[in-house]
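Residues per chain, in single letters:
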Amino acid sequence: MMMTCERSRELFPEALYSELAPGLQNEFAAHLASCPSCRTEFEALQATLQIMNQRIQPQPNRDFLESYWDRLNARFPADDKKSRPAVASGASYPGRPARVPAWAYGIAAVLLMAVGVYLGRTYFGGPPPGVPRNDEHLLSTGPTPDEDSTSDQAVAYLERSKNLLIGLTNLDEEHRSSLDLSRNQEVSRELIQQANVLTVALNRPDQQQMRRLIQDLEVILLQLANIDVKPGVPAIELVQKGVDQRSILLKINLEEMRAIARRSPPNQSKKTNL
Amino acid sequence: MTDEQLLIDRAQQGDREAFRQLVERSNVDVYRLAYDMTRNHHDAEDLSQEVFIRAYRSLTRFRREAKWSTWLYRITVNLCLDHRDKQSRKRMEYRDDTGYEDTADGSAHPDARSSRAASSPVTSSPDRETESVMIQQHIEQALSRLPVQERAVFSLRHYHDLPLKEIAEMMNIAEGTVKSHLFRALQRLRRELAFYKKDIGLEGQ
């Protein structure tokens, strides 16, 4: 007995997804071959599924996926963490990088403090102890316009270096792997050239700390400028490693500068002398 | 024992790292199923997290004979249906991503459907250059118009590759009901995609 149209259509879902029992396959095929109506209907549903196959599957938000486990983990194991505000996971800030390594904040803080100390030393501080007496004229007369210009250039140099390094260290996970360092390397090379001029121009005794800071920065910038990006090795990791190592020197320099600033007599400020 | 089973074993013994790996293997699939059921990205994100919270709490009750993904899908479907019920109770209507008004049970508002049908350019094929974009739009609209049960069955079978029998067990309904849902879903999709009538055999009907 031939399969009825009703029975044939009942089997459509299984037949469309290749789940038809082996014993029914021949019978079903025979019915379609002899029934134009069922065959047309079946082919139309097959075509519908072909269209549905073209669907681009929904994708969760990238930030959401990146913080998925952190958000989930924050809710384990106790229910009392349920009320933890979303701020704790960073989920409320879609534009914020998912994770900024702690050392990046360290570098940023050190550089900002270094700029601050330098400005303090330049405009409010006195000479470091042990400066020979024959340098008194520099304090009593104040810097020449050229010296002022050198100090301004040094501050601008620090600012530009800081921006470059913070820009690199604040990269999120996704951009880190696809980073194109060429522009950063170009800026590094410009800064290195500028550093060569500045370290010669910073010849006053009270500018020596700044000079050493620029020399330390120069090492980091040289490292960045000369990085040979190898396939499969994320370039940023090489930069980070270099910055990590050199940040120790920056911190040492900073501590030295702060100590010098503390020892400087307050009445020797440049403003007073001017 | 498969890698997944090893991870489940470790997770059941309290290994959080093993559970993290299990989560990362399946969170996108869970999200997609939740999205197909809710048609809302934010709800899907929230519900997908809730799925893993529930899974973690019930981990010791997970039995080897079930598939990990099927178990997660079961939790997902239940949570999404609960969510739908809560929304219904609040009598809140919301709009889906395409901007068409949709009732909480996922079925299209009759007026919205008729007005859309009237405005659809069913007499001409889409321009080739924009066809892929239009297909995506039409597919999402067609899915949005399925009742939530039919949409769940279709999504599980078509996009998550679950056999009909497993879907029936998972949703705790008869296999015949699953087949009926799927058949009706396919017929609706065929009608909704009448725009491509030449491809799906509606030309001349």
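We now turn to the structure provided with this report. (Residues numbered from 1 in each chain as written. Chains lettered and ligands numbered in written order. Predicted model: local features only at pLDDT ≥ 70, side-chain atom pairs only at ≥ 80, totals over all residues.)

## Some thoughts on the packing of helix 7 (residues 148-159) of chain B against helix 9 (residues 175-192) of chain B
Residues and elements named next belong to chain B.
- Closest axis-to-axis distance for the helix 7/helix 9 pair is 8 Å, and the angle between their directions is 95°. When the axes of helix 7 and helix 9 are compared, the pair comes out roughly perpendicular. Where helix 7 approaches helix 9, its residues Gln149, Glu150, Arg151, Val153, Phe154 and Arg157 are matched on the opposing element by Val178, His181, Leu182, Arg184 and Ala185.
- Taken together, the residues of the contact of helix 7 with helix 9 sort by class into five nonpolar, two polar and four charged. (Axes fitted to C-alpha atoms, helices over the stretch in contact; angles between N-to-C directions. Helix = DSSP H or I, 4+ residues; strand = E, 2+ residues; numbered from the N terminus. Parallel < 35°, antiparallel > 145°, perpendicular 65-115°, else oblique. Contact = placed C-beta atoms within 7 Å. Nonpolar A, V, L, I, M, F, W, Y, C, P; charged D, E, K, R; others polar.)

## Regarding helix 3 (residues 41-57) of chain B
- Its 17 residues give helix 3 of chain B an end-to-end C-alpha distance of 25 Å, which sits within 8% of 24 Å, the value for a rise of 1.5 Å per residue.
- Structurally, helix 3 of chain B contributes buried residues whose contacts are with helix 5 (62-66) and helix 6 (68-73) of chain A together with helix 2 (16-38) and helix 4 (68-89) of chain B. (Expected span 1.5 Å × (residues − 1).)

## Some details on the nonpolar core
- Core analysis: the biggest nonpolar cluster contains 53 residues, and Ala34(B), Val153(B) and Ile167(B) have the highest contact counts within it.
- Here the element with the most residues in this core is helix 2 of chain B; it accounts for nine residues.
- The residues touching Ala34(B), leaving out its near neighbours within four places in the chain, are Ala44(B), Leu47(B), Ser48(B), Thr76(B) and Cys80(B).
- Residues Tyr157(A), Ile214(A), Leu217(A) and Ile220(A) belong to the second largest nonpolar core, which totals 14 residues. (Core = buried A, V, L, I, M, F, W, Y, C linked by C-beta atoms within 7 Å. Buried ≥ 20, exposed ≤ 12 C-beta atoms within 10 Å, placed from the backbone.)

## Remarks on helix 8 (residues 164-171) of chain B
All names here are of chain B.
- All of the buried residues along helix 8 are Leu164, Glu166, Ile167, Met170 and Met171. Seen along its axis, helix 8 keeps its buried residues to an arc of 160°; they face one direction.
- Following helix 8 by one or two positions, asparagine 172 adopts a phi angle in the positive range, close to 60°. (Arc of directions from axis to C-beta.)

## Some remarks on the interface of chain A and chain B
- Contact residues are listed per partner, giving 28 residues for chain A and 33 residues for chain B.
- Contributing elements (two or more residues each) for the side of chain A that touches chain B: helix 2 (12-16), helix 4 (36-53) and helix 6 of chain A.
- The element that contributes the greatest number of residues to the side of chain A that touches chain B is helix 4 of chain A, accounting for nine residues.
- Partitioning the side of chain A that touches chain B into residue classes produces 17 nonpolar, five polar and six charged.

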